[in-house]
Amino acid sequence: MTNRVRKAIFPVAGLGTRLLPATKSMPKEMLTIVDRPLIQYAVDEAREAGIEQMIFVTGRGKSAIVDHFDVAFELESTMRGKARSLEALDRSRAGFGEIVTVRQQQPLGLGHAVWCARHIVGNEPFAVILPDDLMVGSPGALKQMVDAWETLGGNLIAGEEVPADKTASYGIVTPGKQDGALTAVAALVEKPAPEVAPSRLAVIGRYILQPEVLAVLGKSEAGAGGEIQLTDALAAMIGKQPFNALKVDAVRHDCGDRAGFVIANIALALDRPDVGGTVRDFIAGL
Ligand code: G1P
């Protein structure tokens, strides 16, 4: 069994109902932050972390996500000689065999989506990236996690303190021993109401997991919201493998939320040398 994280699962079969009507005929992962679709930020972050194989768990109506990483022959020959456009295309072209897809034919939950990739993952540690959570950090969030995981092993999730009234939107950690940005996970519960939440430490959309969780998912029953929850399967591994939450040094934008999506566009545009000045001037004039 390899001790490197080489594979990442991207669950991209979701319907994106919070962003309708934008997502009626377009995958939410193709929504653009400045000039890159969300899925490309996620793939770029994975590449930076050393991931070699991107596993998209996809569904009907989502083929634009895979097409995005293809060689676009017509565009590339038309753009020849136009440096900026070619460079932009370069970053969206996947290497041969870098992307594989598997279908999740029914929306049975995040845990079920991850389980759908079990044959591709095999018996090695893997990452899970939820592209809705756009993470801006340097090094990237997943790279920070891989670096920490190389010492810690086991299961590692990205954690963030959320406002007390938001616990019902996240998996929430019962904290054990704390050491700087690291917290041992003593228990984990999916989307607890604020009155019963064990803390405000939430799971956000980055995980590094051991393959044993896939077998647990295969036997899982529906949990919160009637879905097969990754959170429940991870909770079942507590005590058997090390389990930690890392507060990554990165800013998270929840792009599955309308306000979060607009804020992400503003924040990333302001940071860009090509458009930042124009956007800043406009905002200053408001
Ligand atoms: C999923 C997980 C949840 C986690 C969240 C992070 O929920 O089930 O534990 O906190 O992602 O974004 P979802 O946002 O798919 O409802």
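Details of the structure are given in the entry above.
Conventions used here
- Residues numbered from 1 in each chain as written.
- Predicted model: local features only at pLDDT ≥ 70, side-chain atom pairs only at ≥ 80, totals over all residues.
- Heavy atoms only, no water.
- Near = heavy atom within 4 Å.
- Polar contact = N/O pair within 3.5 Å; in protein donor to acceptor, adjacent residues only side chain to side chain.
- Areas by Shrake-Rupley, 256 points an atom, 1.4 Å probe, with all protein chains shown as cover.
- Helix = DSSP H or I, 4+ residues; strand = E, 2+ residues; numbered from the N terminus.
- Nonpolar A, V, L, I, M, F, W, Y, C, P; charged D, E, K, R; others polar.
- Buried < 20%, exposed > 50% of the residue type's maximum accessible area, 1.4 Å probe, protein only.
- Expected span 1.5 Å × (residues − 1).
- Contact = heavy atoms within 4.5 Å.
- Phe/Tyr/Trp six-rings, centres within 6.5 Å; stacked < 30°, edge-to-face > 60°.
- Lys NZ or Arg CZ within 6 Å of the ring centre and 35° of its normal.

Undergrad: Before we go on, may I ask you to explain the site of the ligand in this structure?
TA: Taken together, L110, L130, D133, Y170, G171, E190, K191, V203, I204, Y207, Q229 and T231 make up the full set of residues near the ligand. Take G171: an N or O atom from its main chain is 2.9 Å from an oxygen atom of the ligand. Interatomic distance of 2.6 Å between a backbone N/O atom of V203 and an oxygen atom of the ligand. Compared with its free state, where it exposes 380 Å², the ligand has 75% of that area covered by protein. When residues of the shell around the ligand are assigned to their parent elements, the largest contribution, three residues, is made by strand 11 (residues 201-209). Of the residues assigned to the shell around the ligand, the class counts are six nonpolar, three polar and three charged.

Undergrad: Explain unusual backbone geometry to me, please; I cannot follow it from the model alone.
TA: Peptide bonds are mostly trans, and most non-glycine residues show a negative phi. Cis geometry is adopted by the peptide bond preceding P21, which originates at L20 and carries an omega value of 5°. In this structure, the amide linkage connecting S138 to the following residue, P139, adopts the cis form with an omega of -5°. Looking at the secondary structure, you find P139 in the loop between strand 7 (133-136) and helix 7 (141-152). Non-glycine residue V34 carries a positive phi angle of around 60°. Mapped onto the secondary structure, V34 falls in the loop between strand 2 (32-33) and strand 3 (36-37). Taking the relative accessible area as the measure of exposure, V34 reaches 27% and is therefore partly exposed. Despite not being glycine, K191 shows a phi value in the positive range, around 50°. Along the polypeptide, K191 turns up in the loop between strand 10 (182-190) and strand 11. On the basis of relative accessible area, K191 is assigned to the partly exposed category, the value being 39%.

Undergrad: Could you clarify how one ought to interpret helix 7 in this entry?
TA: One turn of the α-helix equals 3.6 residues, which is why residues spaced by three or four share an orientation. A rise of 1.5 Å per residue sets the reference length of helix 7, with its twelve residues, at 16 Å; its end C-alpha atoms lie 16 Å apart and thus fit the reference within 8%. Within the span of helix 7, buried status applies to A141, L142, Q144, M145, V146, A148 and W149. Close packing links the buried residues of helix 7 with helix 1 (38-48), strand 6 (126-129), strand 7, strand 8 (155-161), strand 11 and strand 12 (243-246). Two residues or fewer past helix 7, G153 is found with a positive phi of approximately 65°.

Undergrad: Explanation requested: the side chain of Q104 in the structure shown.
TA: As for its placement among the helices and strands, Q104 is situated in the loop between strand 5 (99-103) and helix 5 (110-116). Within polar-contact distance, the side chain of Q104 engages the side chain of H112 at 3.0 Å. Excluding anything up to four places from it in sequence, Q104 contacts A13, V57, T58, G59, G109, H112, A113 and C116.

Undergrad: Is there a simple way to think about the packing of aromatic side chains in this case?
TA: Aromatic rings considered in pairs are described by the distance between their centres and by the relative angle of their planes. Applying the stated criterion to the full structure yields two aromatic pairs. Note on F10 and F56: the rings are 5.4 Å apart at their centroids and 75° apart in plane angle, and the pair reads as edge-to-face. In this pair, F10 is assigned in strand 1 (residues 7-11) and F56 in strand 4 (residues 53-58), connecting sequence segments 46 residues apart. The pair formed by F10 and F56 is uniform in burial state, with each residue classed as buried. Taken together through their ring pairs, the aromatic side chains of F10, F56 and F69 make up a single cluster. Of note, R36 hangs over the ring of Y41, and the distance from its end group to the ring centre comes to 4.0 Å. Lying over the aromatic face of W115, R118 brings its terminal NZ or CZ to 3.7 Å of the ring centre.

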